[in-house]
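# Reading the structure
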Amino acid sequence: IFGLNEIVALLFCVLLHALNATMIVWFIHRMVPQRDQLLGILAGLIFLFFPYQTEVVVWGVGNLYAITLALFWGMLWSVIQYSDTRLTKFLYIHVVFFALAIFTHELAFVFPFAVFFLVLLLFPVARWKALLRLEVLMILSFLPLYFVINKIVLGVWIGHYGIDKH
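Numbers given to residues run from 1 along each chain, matching the order in which its sequence is written. This being a predicted model, a pLDDT of at least 70 is required before a residue's local features are given, and a value of 80 or more before pairs of side-chain atoms are given or counted; all residues contribute to the totals for chains, interfaces and linings. The side-chain quantities take in all heavy atoms of the structure and omit both hydrogens and water.

## What about helix H6 (residues 111–122)?
Side chains three or four residues apart in an α-helix point the same way, a direct result of the helix having 3.6 residues per turn. With twelve residues, H6 should cover 16 Å at 1.5 Å per step; its first-to-last C-alpha distance of 16 Å lies within 8% of that length. Among the residues making up H6, those that are buried are Phe-111, Pro-112, Val-115 and Val-119. Buried residues of H6, seen end-on, are gathered within an arc of 95° and therefore sit on one face of the element. The contact criterion used is simple: two residues touch if any of their non-hydrogen atoms lie within 4.5 Å. Counting from the N terminus, the helices are the DSSP runs of H or I reaching at least four residues and the strands are the DSSP runs of E reaching at least two. Considering only its buried residues, H6 is in contact with helix H4 (63–85), helix H5 (89–102) and helix H7 (128–154). Expected span, for any helix, means 1.5 Å times one less than how many residues it has. Relative accessibility under 20% of the residue-type maximum defines a buried residue, over 50% an exposed one, and the middle range a partly exposed one, all with a 1.4 Å probe and only protein chains included. What the arc covers is the set of directions going from the helix axis to the C-beta atoms.

## Some thoughts on the packing of aromatic side chains
The pairing test for Phe, Tyr and Trp rings, Trp by its six-membered ring, is centres within 6.5 Å, and the orientation test on the planes gives stacked under 30 degrees, edge-to-face over 60, and tilted for anything in between. According to the stated counting rule, one finds ten aromatic pairs in the structure shown. In this structure an aromatic cluster arises from ring pairing among Phe-27, Phe-72, Trp-73 and Phe-111.

## Remarks on the nonpolar core
Within soluble globular proteins, side chains that are nonpolar tend to cluster in buried spots. Side-chain atoms within 4.5 Å link the members of a nonpolar core, which is a set of buried Ala, Val, Leu, Ile, Met, Phe, Trp, Tyr and Cys residues. Within the largest apolar cluster, 39 residues are counted, with the highest numbers of intra-cluster contacts made by Phe-98, Ile-102, Phe-111, Val-115 and Val-119. Those elements that provide at least two residues to this core are helix H1 (6–31), H4, H5, H6 and H7. For this core, the leading source of residues is H4, giving eleven residues. Beyond its immediate sequence surroundings of up to four residues, Val-119 is in contact with Val-79, Trp-128, Leu-131 and Leu-132.

## Regarding the side chain of Glu-135
Note that Glu-135 resides in helix H7. Under this rule, positive means Lys or Arg and negative means Asp or Glu; His and the chain ends count for nothing. We define a salt bridge as a contact between a side-chain nitrogen of Lys or Arg and a carboxyl oxygen of Asp or Glu at a distance within 4 Å. Among buried charged residues, Glu-135 stands out as having no salt bridge; its nearest opposite-charge side chain is Arg-133, 12 Å away. Setting aside residues up to four positions removed in sequence, Glu-135 forms contacts with Met-75, Val-79, His-94, Pro-112, Val-115 and Phe-116.

## Structural notes on the packing of H6 against H7
With axes taken as lines fitted to C-alpha atoms, and helix axes fitted only over the stretch in contact, angles between N-to-C directions fall between 0 and 180 degrees. Between H6 and H7, the least distance of the axes is 9 Å, while the angle of their chain directions is 165°. As the angle between them shows, H6 and H7 are arranged roughly antiparallel. Judged by the twist between their axes, the crossing of H6 over H7 is left-handed. Here Pro-112, Phe-113, Val-115, Phe-116, Val-119 and Leu-120 of H6 lie close against H7, whose contacting residues are Trp-128, Leu-131, Leu-132, Glu-135, Val-136, Met-138, Ile-139 and Leu-143. An angle below 35 degrees is treated as roughly parallel, one above 145 as roughly antiparallel, one from 65 to 115 as roughly perpendicular, and anything else as oblique. Two helices crossing with the near one rotated counterclockwise from the far one by less than a right angle form a left-handed crossing, whereas a clockwise rotation gives a right-handed crossing.

## Description of a nonpolar patch on the surface
A cluster of nonpolar residues, Phe-103, Leu-145, Val-148, Ile-149, Ile-152, Val-153, Leu-154, Trp-157 and Ile-158, forms a patch on the protein surface that exposes about 860 Å² of accessible area. Checked against the element boundaries, Ile-149 lands in helix H7. What makes a patch is a set of residues exposed beyond 30% relative accessible area and free of salt bridges, joined within 9 Å when like-charged and within 5 Å when nonpolar (Val, Leu, Ile, Met, Phe, Trp, Tyr). Surface accessibility in these figures is a Shrake-Rupley result with a 1.4 Å probe; residues are shielded only by whichever protein chains are displayed.

## Here we look at the packing of H1 against H4
Two elements in contact, H1 and H4, have axes whose closest approach is 10 Å; the angle formed by their N-to-C orientations is 30°. One element, H1, and the other, H4, form an angle in the roughly parallel class. Two packed elements cross with a definite hand, and for H1 against H4 that hand is left-handed. Only Asn-63, Ala-66, Ile-67, Leu-69, Ala-70, Trp-73, Leu-76, Trp-77, Ile-80, Gln-81 and Asp-84 of H4 make contact with H1, whose side of the interface consists of Phe-12, Cys-13, Leu-16, Leu-19, Asn-20, Met-23, Ile-24, Trp-26, Phe-27, Arg-30 and Met-31. Residues that form the contact of H1 with H4 fall into these classes: 17 nonpolar, three polar and two charged. Residues are grouped as follows: Ala, Val, Leu, Ile, Met, Phe, Trp, Tyr, Cys and Pro are nonpolar; Asp, Glu, Lys and Arg are charged; all remaining types, including Gly, are polar.

## Looking at H5
A rise of 1.5 Å per residue sets the reference length of H5, with its 14 residues, at 20 Å; its end C-alpha atoms lie 20 Å apart and thus fit the reference within 8%. Listed in full, the buried residues belonging to H5 are Phe-90, Leu-91, His-94, Phe-98, Ala-101 and Ile-102. Projected down its long axis, H5 carries its buried residues within an arc of 115°, all on one side. Of the surrounding elements, those touching the buried residues of H5 are H4, H6 and H7.

As structure tokens, then:
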């Protein structure tokens, strides 16, 4: 993204990592019933400074993981906004975040499944219908579409895997 300017690339990775840690704090504050402030802050700090997480900041290829995670937080944010407001635009935003995530890294395959179970665990039953339908629709439509597009464009079903890619 930034060519040979490693300072800008490192700054981008640090800011993205901080955004992901902030989203962890926000998510825990938002979803934990007693809204325990200390729990969210502690989880965010563990994420921020845990050695395996900081690798995405200093390892150039690791920024794909940080970007993919930020897109996952965008998916969760939009689901929560939809649940709070019932505005359909948040469902569209949710799909856009997933589409961007799936074409950023294959790790995003699990995101609809994760959101599906988070909806079941954390949301009132009355709000399940549209959210669960959307997650199933994304799984059934985007995942096959992803494989077909990769096969057409790259000649392989999964983008960067295989002996010739490494």
